Amino acid sequence: MNDMTTLQLLLWVVYPYMVLAVFVLGHVWRFKADRFGWTTRSSQIYESKLLSIGSPLFHYGIIGIFFGHVVGLGIPKSWTRFLGISDHVYHLMAVTIGLAAAAACVGGLMILLYRRRTNVRVFGATTAGDKLMYLLLAATIVCGVLATVVHTTFGTYDYREGVSIWFRDFWTLRPSVDLMAQAPIFFQLHVLSALTLFAIWPFTRLVHVFAAPVGYLTRPYILYRSKDPRREAQRRGWEKVDF
């Protein structure tokens, strides 16, 4: 096995499975060791105007990107053809919707980064982990946009015949090294930066993604005392007693 093949094996087989192990075990450790730190560490108290613009843009954009990846990576080309969606229509939808979501995500991220860098109090609350997270997040998004524009929109590469197959085979424990090794450079950088982001995920504020307030649906009611003394007098426990 030559050095190039060894490097490719490390990049596209060993490293992804190591990331998966760190991602799963890291969340278990974080939940047990730092349950009260399982939060976004919100800085809204320091500044809210830019946050109210950048945060929705970023989150709606990232949600669109997520579902785009679910379709693009998880659904084989044969399935979309079976549903009557031609390759041209799929490509057009992927590019237009995908780039729109990416534009919202990048725009929101730029606003959030500007806010964090220019506001002294917000910047003071920024940890080294936050800086690394933002760097990897930006690198992943930018490489993804470049991969779409350079290699798909203006190129001839079909990721559904390469990266997507490698991704699905990864979950069946038989990933093809050649498929990723032959992928264009921006797709490779996109995947590597995304893997690194997932590796640090459990140790950053990104854990809040898995903190949906499910308990809110089953919480007991909160009772407040009325300010109307006439209504309070009618409630049980507020009866007037003469001594």
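Treat the numbers as computed from the prediction; the structure is a model and nothing was measured.

## Description of the nonpolar core
Then step 1. Ranked by size, the top nonpolar core spans 18 residues in total, and within it Phe 58, Leu 109, Leu 137, Ile 141 and Leu 197 carry the most contacts.
Then step 2. At the level of elements, α2 (49-74), α4 (87-118), α6 (128-153) and α9 (185-200) are the ones that each hand at least two residues to this core.
Then step 3. Residues in contact with Leu 197, not counting those within four places in the same chain, are Met 133, Leu 136, Leu 137, Thr 140 and Leu 206.

## Things to note about the UniProt feature "transmembrane region" (unreviewed entry) in the protein chain
Then step 1. UniProt records the feature "transmembrane region" (unreviewed entry) for residues 6-29, 50-70, 90-114, 134-159 and 179-201 in the present numbering.
Then step 2. End C-alpha atoms of residues 6-29 are separated by 32 Å, and the span's content is 100% helix alongside 0% strand.
Then step 3. Annotation note: span residues 90-114, helix share 100%, strand share 0%, distance between end C-alpha atoms 35 Å.

## Brief notes about the packing of α2 against α4
Then step 1. Two elements in contact, α2 and α4, have axes separated by 7 Å at closest approach and are oriented at 150°. With respect to each other, α2 and α4 are oriented roughly antiparallel. With respect to the hand of their crossing, α2 and α4 are arranged in left-handed fashion.
Then step 2. Each residue belonging to the contact of α2 with α4 can be placed in one class, and the counts come to 17 nonpolar, six polar and one charged.

## Let's talk about unusual backbone geometry
Then step 1. Phi is positive for Leu 173, close to 65°, though the residue is something other than glycine.
Then step 2. Inspection of the secondary structure puts Leu 173 in the loop between α7 (163-170) and α8 (177-181).
Then step 3. We classify Leu 173 as exposed; its relative accessible area is 66%.

## Side note on the packing of aromatic side chains
Between two aromatic rings, the relevant description is the distance of the centres plus the angle of the planes.
Then step 1. One pass over the structure, following the stated rule, counts 15 aromatic pairs.
Then step 2. Pairing Tyr 17 with Phe 170 gives two aromatic rings, centres 4.3 Å apart and planes at 20°, and the pair type is stacked. In this pair, Tyr 17 sits in helix α1 (residues 3-33) while Phe 170 sits in helix α7, placing the two residues 153 residues apart along the sequence.
Then step 3. Among the aromatic side chains, those forming a connected cluster through ring pairs are Trp 12, Tyr 17, Trp 166, Phe 167, Phe 170 and Trp 171.

## Focus on the environment of Leu 51
Then step 1. Following the sequence through the fold, Leu 51 ends up in helix α2.
Then step 2. Overall, the relative accessible area of 19% leaves Leu 51 in the buried class.
Then step 3. For the pair Leu 51 and Leu 112, spaced 61 residues apart in sequence, the C-alpha separation works out to 6.6 Å.
Then step 4. Dropping the residues within four chain positions of it, Leu 51 is found in contact with Gln 44, Pro 56, Leu 112 and Arg 115.

Each value, and the rule that gives it
Residues numbered from 1 in each chain as written. Predicted model: local features only at pLDDT ≥ 70, side-chain atom pairs only at ≥ 80, totals over all residues. Heavy atoms only, no water. Core = buried A, V, L, I, M, F, W, Y, C linked by side-chain atoms within 4.5 Å. Buried < 20%, exposed > 50% of the residue type's maximum accessible area, 1.4 Å probe, protein only. Helix = DSSP H or I, 4+ residues; strand = E, 2+ residues; numbered from the N terminus. Contact = heavy atoms within 4.5 Å. UniProt positions renumbered as here; feature names shortened; annotations may be inferred. Axes fitted to C-alpha atoms, helices over the stretch in contact; angles between N-to-C directions. Parallel < 35°, antiparallel > 145°, perpendicular 65-115°, else oblique. Left-handed = near helix turned anticlockwise from the far one by under 90°. Nonpolar A, V, L, I, M, F, W, Y, C, P; charged D, E, K, R; others polar. Phe/Tyr/Trp six-rings, centres within 6.5 Å; stacked < 30°, edge-to-face > 60°.

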